Amino acid sequence: MSKEKLLEKLKGKLIVSCQALPGEPLYIENGTIMHLMAIAAEQAGAAGIRTNGIRDIEEIKKNLDLPVIGLIKKQYEGFPQHITVTMKEIDDLVKAKADIIALDCTMRERPEAKTINEFIKKIREKYPDVLLMADISTFEEGVNAEKAGVDFVGTTLSGYTPYSKKSEGPDFELVENLAKTLRIPIIAEGKIHEPKQAKKMLELGAFAVVVGGAITRPLEIAQRFVRGIEK
């Protein structure tokens, strides 16, 4: 899918994050049901899917004709990042034909290239046409990611780094400030639990909105209801 067609497909739309990690109820050791989640999202009118791991990317692409944002979550000892951290993950995601590759673009030191700018430069040298989505946690990281050469900036990590703004809800301010400053598309993601919050993100200038836990993680959804009742 060309970048122009992909942008046209995603603009102003919902992207559903379909992920299950080890230890979660929907995780299957030697299989996956994430393509079923993705099919449900497609039938509901979602324009794209975000998912983790080669198996889920390949299974979703086999069953759907929607753009897939792919990533690989893997922890490296001594480093806090876990979203597409090294070139090995980039190679695997390119091979799996992820339409967009999401990676941690925080400013923290990395296991291979010392800075995110060096890492992006290496990716661009090897894969000049790959579409990259920068998962960031602060305004400064978003500005830096654009300068480093990514195609999209996502607010995925806001509140999940020690130095970023902590909140129970979405970071509307970050999305608004990035949308006013950057020239590339902003993808709002993180703690978006209600349709009105997703709509507000678009009104603030987000190009598209990613929603995950509120749609595809029944454990989290049930926990929110239980906590609400107990309060």
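Residues numbered from 1 in each chain as written. Predicted model: local features only at pLDDT ≥ 70, side-chain atom pairs only at ≥ 80, totals over all residues. Heavy atoms only, no water.

Let's talk about the sheet that holds strand β1 (residues 14-18)
Consideration 1: In space, the 8 strands of this closed barrel follow the order β1-β2-β3-β4-β5-β6-β7-β8, with parallel pairing throughout. Shown here is a sheet whose adjacent strand axes are inclined to one another by a mean of 25°, direction ignored.
Consideration 2: Examined bridge by bridge, strand β6 (residues 152-154) and strand β7 (residues 186-189) share 2 bridges and lie parallel to one another. Residue pairing in the sheet places Val 153 in a bridge with Ile 186 of β7. (Pairing = 2+ DSSP bridges. Helix = DSSP H or I, 4+ residues; strand = E, 2+ residues; numbered from the N terminus. Axes fitted to C-alpha atoms, helices over the stretch in contact; angles between N-to-C directions.)

Details of the pattern of salt bridges
Consideration 1: Applying the stated criterion to the full structure yields 16 salt bridges.
Consideration 2: Across the pair Arg 217 and Glu 24 runs a salt bridge whose closest N-O atoms are separated by 3.7 Å. Separated by 193 residues along the polypeptide, Arg 217 in the loop between α9 (213-216) and α10 (218-230) and Glu 24 in the loop between β1 and α2 (34-44) bring together distant segments of the chain.
Consideration 3: Residue class for Glu 24 comes out partly exposed when judged on its relative accessible area of 25%.
Consideration 4: Between Glu 176 and Lys 180 there is a salt bridge; the shortest N-O distance is 3.4 Å. Of this pair, Glu 176 and Lys 180 are both found in helix α7 (residues 172-181), 4 residues apart, which corresponds to roughly one turn of the helix.
Consideration 5: Note on Lys 180: relative accessible area 64%, which makes it exposed.
Consideration 6: Each of the salt bridges in this network shares a partner with another, and the network as a whole consists of Lys 3, Arg 124 and Asp 151. (Salt bridge = Lys/Arg side-chain N within 4 Å of Asp/Glu carboxyl O. Buried < 20%, exposed > 50% of the residue type's maximum accessible area, 1.4 Å probe, protein only.)

A closer look at the packing of aromatic side chains
Consideration 1: Going through the model one piece at a time under the given rule, you end up with 0 aromatic pairs.
Consideration 2: One Lys or Arg, Lys 191, reaches over the ring of Tyr 160 and ends 5.0 Å from the middle of that ring.
Consideration 3: Lying across the ring of Phe 172, Lys 200 places its NZ or CZ 4.3 Å from the centre. (Phe/Tyr/Trp six-rings, centres within 6.5 Å; stacked < 30°, edge-to-face > 60°. Lys NZ or Arg CZ within 6 Å of the ring centre and 35° of its normal.)

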